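# Observations on chain architecture
Chain by chain, the residues:
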Amino acid sequence: MDFDLSEEQSMLKDALSRLLSDKYDFDSRNQVLAGQEGWSLDMWTRLAEMGLMALPFAEADGGLDGGPVDQMIVMEELGRALSLEPFFGTIVLGGAALRLAGSGQQRAALVPQLADGSLKMAVAHTERHSRYDLNHVETTAHKTGDGAILNGGKSVVLDGDCADKIFVTARTGGDVRDRQGIGLFLIDAGAKGVTRRGYANQDGRRAAELTLENVVAEDVYGDPDDALPVIEWIAEQAIAALAAEAIGVMSVMHEITTEYLKERKQFGVPIGAFQVLQHKAVDMFIALEQARSITMYATMMADNDDADERSRAMAAAKVEIGRAGRVCGENAIQLHGGVGMTMEYSVGHYFKRMTMIDKTFGDADCHIERLAAMGGLFGQ
Amino acid sequence: MDLRFTGEEIAFRDEVRSFIADSLPGDILSRTKAGEYADKDDMIRWTRILNEKGWGAPHWPVEFGGTGWGPMKQYIYLEELQKFPAPSPLPFGTNMVGPVIYTFGNEAQKKHYLPRILNLDDWWCQGFSEPGSGSDLASLKTKAIRNGDHFVVNGQKTWTTLAQFADWIFCLVRTSSEGKKQEGISFLLVDMKTPGIDVRPIATIDGGREVNEVFFTDVRVPIENLVGEENHGWDYAKFLLGNERVNIARVGYSKQRIARIRELASMEMSGGRPLIEDRKFREKLAAIEIDLKALEMTQLRVVAAEAKRGNTGRPDPASSILKIKGSEIQQATTSLLMDVMGPYAMPLQHLAGEGSNEPSIGPDYAGHAAPGYFNYRKVSIYGGTNEIQKNIIAKAVLGL
């Protein structure tokens, strides 16, 4: 058992950390946030130049052969910087869809465009009544030869407002909640019949509502009648990535809160001298370290092809991250007092992102229910 | 980073597992499984079986009878014992006084005491806490006054676990009142048969007898029973308290309790079906499992870091949380196990093995549920309360 990063991985971490602290401090990020796009093309280009977009793909497909640990490193750093760029939709989700569901030909066509940063992607799965259930799909796909025509609507499509191409889950058969009869289709965002309404989420990240009216799918990924297992795997890889991002977010909340406790004086002493506040800061530390541990576990399981074992692990990780995130986030605001409530100060921005991570691919309540239904983490 | 056990580690785990399966006497297994208290005879029998195999104190240096296993193997060994469940080695000798003796003791002390600890020829107990010195241990008052070739000890120790079985007690005593309170403390080894020692049981809320008060009245202790230097006992005590990091979280124990909860909850009925099928109950159990999985990874991070760095350096910051989370999870399991029993948690029953032949009220596994819950309130109190642990983290890790 080995918990250490390789030399290459340490270099990646340092380089990315340096880039983000040089070019993407809190003030620069605020300017990006206030801009028209809501994310920075300049930073996007720099991330691509560093090789991050190529990292998770096989060398044969034009990638750099990175694995889940590399993804963990990248996501933790992007979390620390509260990056607004569409990396999650494009590389984490779109990349996973290509890797797990794409044929050699499909990968060969799209990986080079992803790798150089020219193509942005998203995965559209949420619907008005689906809540967090990936199997709840009302959007329909009418098969036509080897293609399909899509009708329906998708909601809160993360990074969906700037995506050039979007993976859409749609039903080729069965009832609304059946596990069978779900396919994964690629559409061009500019295709005829696609209506897109882009907006910002609470955390400043971008998303979109999609309406699909007789949209001709550009391509089909995997089995059009039985793609749910691979869609679930994509979501589970995304959960591992979100967990790592959450570690970055929580680490910063913990660091700046501890600093604040040392600097802020009341009654003539630093408020960190008060035991009540110390214990809350320790609660944050414990939550963070436990979350870090389960993130390592999730990272280790992300590539595991035993779906049952992997699902349990990811459900467990999402619960721990959601709960730890609340402990860290709510205490971070409380320990800062009034200043924590302001948009001018950074901690609230971290808290907002942390809160939205819980709402992505199932919150803690959703996943503990799933894990309990699967018979728990340690099995019988 | 590769968080899987290596082939060698898996082979080792299987070796330990099959050794326990082949060697643990069935009557001992049935008692540990039920969650009963340590019985002196059980402990001695089992310790000698382990010692015969050379596994009496695997973490000790080889020259004193250790195995030379690294931290990861030590962890696997203890986890397998707990999961089986087999009794864990008595900590007072192997984890506490033993390492103090081989680190700070003289040759004669090493030669005499260490083999007897390994074979449990001497049952040790710990004389640290006093009525006025709990979390503030250095304020202890038990006095040892030098008189020729003896110390004369007067005072009182308390919370002395299993002192009723003990042959020896290792004590912190005050040998000087000069300077800071930490500076006048010495570390003494005392034969429990010495005249002037009086052991009185403390009845605890779980109905068991685990802890005692130990009174010292003009107890004469030969000066050769002093460990290390006079007035340096606080250093040895700090060494002793900081020594146990490989298994402080007791992950294996909690895994075994979870398996037990699952087993009993499938036999107990609720709403006309097995309790384990109740959604809310399953979510409660899953919540503990998730916390435990995170803790297991935290424990392994600490063990792996220690394996890499050796046992000498500063512990990984994560190690400070092991005691807090470990105790919270142990308490959560005993609480849920009690909840499984429903109304049968209530009857106060003579526990099996304690001389009663009366049939049990309700299922025979019910009697230990509430006592186990009451007993395990201790785990967030002993070894420094969880609040003290948080003070330590705030200061040492967060710099507050």
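Treat the numbers as computed from the prediction; the structure is a model and nothing was measured.

This paragraph deals with the overall build of chain A. When helices and strands are tallied, chain A shows eleven helices and ten strands. Its C-alpha atoms give chain A a radius of gyration of 21 Å, near enough to 21 Å, the size a compact globule of 380 residues would have. By its C-alpha atoms, chain A is 75 × 50 × 40 Å across when sized along the principal axes. When burial is assessed residue by residue, chain A has 54% of its 380 residues classed as buried.

A separate point is the environment of Asn 386 of chain B. Residue and element names in this part refer to chain B. Residue placement: Asn 386 occurs in helix H12 (residues 386-396). The spacing of Asn 386 and Glu 277 is 109 residues in sequence and 34 Å in space, taken between C-alpha atoms. Those residues in contact with Asn 386 that lie beyond four places of it in its chain are Ile 324, Ser 327 and Ser 380.

Let us now look at the pairing of strand E1 (residues 121-124) of chain A. Where a strand is regular, its side chains alternate between the two sheet faces. All names here are of chain A. Burial along E1 is two-sided: Met 121 and Val 123 facing one way and Ala 122 and Ala 124 facing the other are all buried. In the sheet, E1 pairs with strand E4 (residues 165-171) via four bridges, with the strands oriented parallel. In the sheet register, Ala 122 faces E4, and the bridge partner there is Ile 166.

A few words now on the interface of chain A and chain B. If you look at the interface, chain A gives 35 residues, while chain B gives 38 residues. Counting residues per element, the ones that place at least two in the side of chain A that touches chain B are helix H7 (228-263), helix H8 (275-301), helix H9 (307-336) and helix H11 (364-373) of chain A. Considering every element that reaches the side of chain A that touches chain B, the biggest residue donor is H8 of chain A, with 14 residues. Considering only residue class, the side of chain A that touches chain B consists of 20 nonpolar, nine polar and six charged.

All right, on to helix H10 (residues 347-358) of chain A then. Between its terminal C-alpha atoms H10 of chain A stretches 17 Å, which fits the 16 Å expected from twelve residues at 1.5 Å a residue. Residues of H10 of chain A that are buried: Val 347, His 349, Tyr 350, Phe 351, Arg 353, Met 354, Ile 357 and Asp 358 of chain A.

This part is about the packing of H8 of chain A against helix H10 (residues 320-340) of chain B. Packing of H8 of chain A against H10 of chain B leaves a shortest axis separation of 11 Å and a crossing angle of 90 degrees. Taken as axis vectors, H8 of chain A and H10 of chain B run roughly perpendicular relative to one another. Contacts from Ile 286, Glu 289 and Gln 290 of chain A in H8 of chain A reach Ile 321, Ile 324 and Lys 325 of chain B in H10 of chain B. The residue makeup of the contact of H8 of chain A with H10 of chain B, split by class, is three nonpolar, one polar and two charged.

Ranked by size, the top nonpolar core spans 180 residues in total, and within it Phe 185 and Ala 298 of chain A carry the most contacts. Ranked by residues supplied to this core, first place goes to H7 of chain A with 21 residues. Setting aside chain neighbours within four positions, we find Phe 185 of chain A in contact with Ala 141, Ala 148, Leu 150, Val 168, Ala 170, Ala 217 and Val 220 of chain A. Core analysis: the next-biggest nonpolar cluster, separate from the first, contains 46 residues, Tyr 113, Leu 118, Trp 124 and Trp 168 of chain B among them.

A separate point is helix H6 (residues 104-115) of chain A. Residue and element names in this part refer to chain A. A rise of 1.5 Å per residue sets the reference length of H6, with its twelve residues, at 16 Å; its end C-alpha atoms lie 16 Å apart and thus fit the reference within 8%. Regarding H6, the residues found buried are Arg 107, Leu 110, Val 111, Leu 114 and Ala 115. For H6, the arc enclosing every buried residue in end-on projection is 135 degrees, short of the 170-degree limit, so these residues lie on one face. Immediately beyond the C-terminal end of H6, within one or two residues, lies Gly 117, with a positive phi of roughly 85 degrees.

Procedures and definitions
- Residues numbered from 1 in each chain as written.
- Chains lettered and ligands numbered in written order.
- Predicted model: local features only at pLDDT ≥ 70, side-chain atom pairs only at ≥ 80, totals over all residues.
- Helix = DSSP H or I, 4+ residues; strand = E, 2+ residues; numbered from the N terminus.
- Rg over C-alpha atoms; globule rule 2.2 N^0.38 Å.
- Buried ≥ 20, exposed ≤ 12 C-beta atoms within 10 Å, placed from the backbone.
- Contact = placed C-beta atoms within 7 Å.
- Pairing = 2+ DSSP bridges.
- Nonpolar A, V, L, I, M, F, W, Y, C, P; charged D, E, K, R; others polar.
- Expected span 1.5 Å × (residues − 1).
- Axes fitted to C-alpha atoms, helices over the stretch in contact; angles between N-to-C directions.
- Parallel < 35°, antiparallel > 145°, perpendicular 65-115°, else oblique.
- Core = buried A, V, L, I, M, F, W, Y, C linked by C-beta atoms within 7 Å.
- Arc of directions from axis to C-beta.

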